Amino acid sequence: MTLSVEPYSDAGCRVVEHCPYCGGEGSAAVSGRDQVSSDGTYWRYSRCQNCGALWLKTVPNDLSPYYPADYYTHSPAVLGGRIRALVVQAVLAARYGFPASGTVRYLSQIMRAIPVDTGASRFLMHVEHGKALDVGCGSGDFLYSLHLYGWEATGIEPDERAARVCSDRGIKTIHADAENAVVPANYFDAITLHHSLEHMRNPAAVITRLAKALKPGGKLVVVTPNASGFLSRRFGPHWRSLDPPRHLSVSTPRALSLTMERAGLVADIRTASTNVRWVCRASAALRDRGSLRLPPSRLKVLSLTIASKVTVALDRSAGEEIICIAMKPGRSCPGDEGSVANQSP
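Residues numbered from 1 in each chain as written. Predicted model: local features only at pLDDT ≥ 70, side-chain atom pairs only at ≥ 80, totals over all residues. Heavy atoms only, no water.

Now, about the environment of Arg 240: what can you tell me, with residues and values included?
With respect to the helices, strands and loops of the structure, Arg 240 is situated in the loop between α6 (230–235) and β11 (249–250). Along the sequence, Arg 240 and Gly 32 sit 208 residues apart, while their C-alpha atoms lie 10.0 Å from each other. In this structure Arg 240 touches Gln 35, Trp 278, Val 279, Ala 282, Ser 283, Leu 286 and Leu 292, once residues within four positions along its chain are discounted. Within the structure, the side chain of Arg 240 is placed 2.6 Å from the side chain of Gln 35, a separation counted as a polar contact. (Helix = DSSP H or I, 4+ residues; strand = E, 2+ residues; numbered from the N terminus. Contact = heavy atoms within 4.5 Å. Polar contact = N/O pair within 3.5 Å; in protein donor to acceptor, adjacent residues only side chain to side chain.)

What follows is the structure in structure tokens.
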């Protein structure tokens, strides 16, 4: 795809010259069109020469028009939301020591037989009276599950509609973007970012600020697309997880490793392909049909899914998602609580 002939969107945008993870120099990597809108606009990404991350070269000053009313994380907490909450509770009980009774106990027995954790549980061990912050919490499905377990659950959500839904579920919700939200220092047992880091203008600064909000010994969990994964390489501009312009950057294991180290966190980073079938189907639809509404054949999706899983079995860094579980060193001490405001890292 030739840069000189595509209709690019530069109006109302700011240019990002350096990698938002490590500050490295970049080179032109890929250009893809908005996968949700049908206006034909293309967006350019640069790839960092140091850490391999992708970032949007021109970022809209106002991103709200690019999030449709039916965006998947912003749906009201109807029956589907309650079912998701039950499933998350069951995974937490089956694998991470959360208490269970009734329906959750029955579902947890089923979950013990399923070898894959989709990341919806955020890989958190149970803490009595735990305090959790979910950044980019959407309508609050995950936090609602923790709330039912007695955790003090707090969410940060920039979308007004989603924040209202989350608040209506009895969850403390901060309506702000992650860069500007004010949260207490040394306060949270767990902070989670599930497919939200890629939506942030300055992900490295956000991670550094969130590290300050963790208690010593607290856990920061990030699940995000992998720009160095098999499907990214296979589909290029049609990769569903590119998702311009909503995904302002797409990380790599090396980019997250550098970011966590600079934030003072000790990280365990791996990749996984739990959502690979969905990404294969959507990416193939974009490449072959030009629309998410025109799915490819089941045989094609199956062959792509098998190819992805075989590649990941041979190369553990090639998974579709990066899972980063980072710990803040030290032990919590009474009286450490302060606040982390909108300050430079």
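So, the nonpolar core: which residues are in play, and what are the values?
Residues Cys 51, Val 135, Ile 191, Leu 193, Leu 220, Val 222 and Met 260 are the most contacted members of the largest nonpolar core, which totals 63 residues. If you tally residues by element for this core, the top one is helix α5 (residues 203–213), at five residues. Residues in contact with Val 135, not counting those within four places in the same chain, are Ile 156, Ala 178, Ile 191, Thr 192, Leu 193, Ser 196, Met 200 and Leu 210. (Core = buried A, V, L, I, M, F, W, Y, C linked by side-chain atoms within 4.5 Å. Buried < 20%, exposed > 50% of the residue type's maximum accessible area, 1.4 Å probe, protein only.)

Which residues make up helix α8 (residues 276–288), and what values go with them?
The terminal C-alpha atoms of α8 lie 18 Å apart, and with 13 residues this matches the ideal 18 Å at 1.5 Å per residue to within 8%. Buried within α8 we find Val 276, Val 279, Cys 280, Ala 282, Ser 283, Ala 284, Ala 285 and Leu 286. On its buried side, α8 packs onto α6 and α9 (298–314). Directly beyond the C-terminal end of α8, a positive phi value near 75 degrees is found at Gly 290. (Expected span 1.5 Å × (residues − 1).)

Break down the pairing of strand β3 (residues 42–48) for me, citing the residues and quoting the values.
Counting buried residues in β3 gives five out of seven residues, a clear majority hidden from the surface. For β3 and strand β4 (residues 54–56), the ladder comprises three bridges, and the chain directions are antiparallel. Among the inter-strand pairings, Tyr 45 is bridged to a residue of β4, identified as Leu 56. The turn linking β3 back onto β4 is made up of five residues, and Gly 52 within it adopts a positive phi angle of 85 degrees. (Pairing = 2+ DSSP bridges.)

Just geometry here; none of it tells us what the structure is for.
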